[in-house]
Amino acid sequence: MYALIDGNNFYVSCERVFAPRLLGKPVVVLSSNDGACIARSNEAKDLGVKMAQPWFQVRRLEKTAGLIAVSANHELYGDMSARMMAIEARYAPRQEIYSIDESFLDFDGVRDDLVAVGRHMRAAILQETGIPTSVGFGATKTLAKLANNIAKTADRKPGSYPAGLAQVCDFGRLPRDELDALFAATDVGAVWGVGRKTTERLKAGGVHTVLDLLRADITTLRRQFSVVLEKRCASCTAPRACRSTMRRRHASRSSCRARSARPSRRSTASSRPSASSPRARPSACASKAASPAPSASTS
Ligand SMILES: [Mg+2]
């Protein structure tokens, strides 16, 4: 089994660790030039702020809804990421860091109660870094991503999925009929690698949910879309189809730490906290290293 651990609203969560006044408020983190919203708290999402939405389009919400905007502090996020990844790495022999706030752990052969493991790991990350996370378990990376999406959605939107799946969701412990019910309730666009345009084309062809995708004719998918989509579909059904070699975590996180905070119109780097500042929470594994993050998804 694979686990995907993902920091919730990661940049906003990092800011909240050092600015408790932001807790419970609608918050967005702006890109380096303060041009666009690159992370949103749940409260900001509820106001309708979209990912990557230009700041000028939502600025009115500062006065009308108490929206708070902060400039990105990438040095802080890199440090917090390193702490989070080091904690996650305690729980499995192999870790693959997928983005600044997401990593896969390979639990192949582990017979433990994975939901209990996931909850323990979540609690440790929250206690040691202050970052809330979601954990998804699946037989493939695609399924682990999907399980993570459901864990996050069940937590954020009560009633969207069974409450027991909130925060930590393990597909491996669910019977087939319950899995099918989950897949039937999940938009096909939630599948890893199925982008907006592909989603539109799939829906035009009658494929609206994950279950629809799994029941679609594989030959048709290959002809109308791509081998990539076919493989995504296959990895939702064939447990080890997309297994890839997991890297042992010996590489340096130096490139992640090297990300520098750029001064912006809203604040200067010198006035901003970093996780290595005296205010930072202690971490038992902060000095341990993992490979650098290739992307910066902060969903
Ligand atoms: Mg995230």
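Analysis parameters
- Residues numbered from 1 in each chain as written.
- Predicted model: local features only at pLDDT ≥ 70, side-chain atom pairs only at ≥ 80, totals over all residues.
- Helix = DSSP H or I, 4+ residues; strand = E, 2+ residues; numbered from the N terminus.
- Buried ≥ 20, exposed ≤ 12 C-beta atoms within 10 Å, placed from the backbone.
- Contact = placed C-beta atoms within 7 Å.
- Pairing = 2+ DSSP bridges.
- Axes fitted to C-alpha atoms, helices over the stretch in contact; angles between N-to-C directions.
- Parallel < 35°, antiparallel > 145°, perpendicular 65-115°, else oblique.
- Nonpolar A, V, L, I, M, F, W, Y, C, P; charged D, E, K, R; others polar.
- Core = buried A, V, L, I, M, F, W, Y, C linked by C-beta atoms within 7 Å.
- Domains from an automatic or database assignment.
- Left-handed = near helix turned anticlockwise from the far one by under 90°.

**Student:** Is there a simple way to explain the overall build of the protein chain in this structure?
**Tutor:** Of the regular secondary structure elements, the protein chain holds 13 helices and eight strands. Within the protein chain, the proportion of its 299 residues that are buried is 43%. A fraction of 63% describes how many contacts in the protein chain between residues 6 or more apart in sequence connect residues 24 or more apart.

**Student:** Sorry if this is basic, but what is going on with unusual backbone geometry here?
**Tutor:** In terms of backbone geometry, most residues other than glycine have negative phi values and most peptide bonds are trans. At aspartate 34, a residue that is not glycine, the phi angle is positive and equals roughly 60 degrees. Among the secondary structure elements, aspartate 34 is positioned in the loop between strand E2 (27–30) and strand E3 (37–40). Backbone geometry places glutamine 167, a non-glycine residue, at a positive phi of 75 degrees. Tracing the chain through its elements places glutamine 167 in the loop between helix H7 (141–156) and strand E8 (168–170).

**Student:** Before we go on, may I ask you to explain the sheet that holds strand E6 (residues 102–106) in this structure?
**Tutor:** Within a beta sheet, neighbouring strands are joined by backbone hydrogen bonds and run either parallel or antiparallel to one another. Read across the open sheet, the five strands follow the order E5-E6-E1-E7-E8; overall the sheet is mixed. Since the sheet does not close on itself, it has two edges, and those belong to strand E5 (94–99) and E8, each with one partner. Sheet twist, expressed as the mean angle between neighbouring strand axes with direction ignored, is 15 degrees. Relative to E6, E5 runs antiparallel, the two being bridged by five bridges.

**Student:** Where do I start with the packing of helix H1 (residues 10–18) against helix H5 (residues 74–89) in this structure?
**Tutor:** Between two packed helices, what matters for the description is the angle formed by their axes and the separation of those axes. Where H1 meets H5, the closest approach of the two axes is 10 Å, and the angle between their N-to-C directions is 95 degrees. One finds that H1 runs roughly perpendicular with respect to H5. Touching Phe10, Tyr11 and Cys14 of H1 are Leu76, Tyr77 and Met80, all from H5. In the contact of H1 with H5, the residues fall into six nonpolar, no polar and no charged.

**Student:** Just checking my understanding: could you explain the nonpolar core for this structure?
**Tutor:** One broad trend across soluble globular proteins is that nonpolar side chains are buried collectively. Ranked by size, the top nonpolar core spans 68 residues in total, and within it Ala3, Val28, Ala147 and Ile150 carry the most contacts. Ranked by residues supplied to this core, first place goes to H5 with nine residues. Built from parts of two domains, this core gets at least three residues from each of domain 1 (10–73 + 261–271) and domain 2 (187–239). Discounting residues that sit within four places of it in the chain, valine 28 has contacts with Cys37, Ala39, Arg40, Ala44, Val49, Leu67 and Ala69.

**Student:** Which parts of the structure should I look at to understand the packing of H5 against helix H6 (residues 114–129)?
**Tutor:** Closest axis-to-axis distance for the H5/H6 pair is 10 Å, and the angle between their directions is 145 degrees. Note on packing geometry: the crossing formed by H5 with H6 is right-handed. Every residue of H6 that contacts H5 at Met80, Arg83, Met84, Ile87 and Glu88 is listed here: Met121, Ala124, Ile125, Glu128 and Thr129. When grouped by side-chain class, the residues that make up the contact of H5 with H6 number six nonpolar, one polar and three charged.

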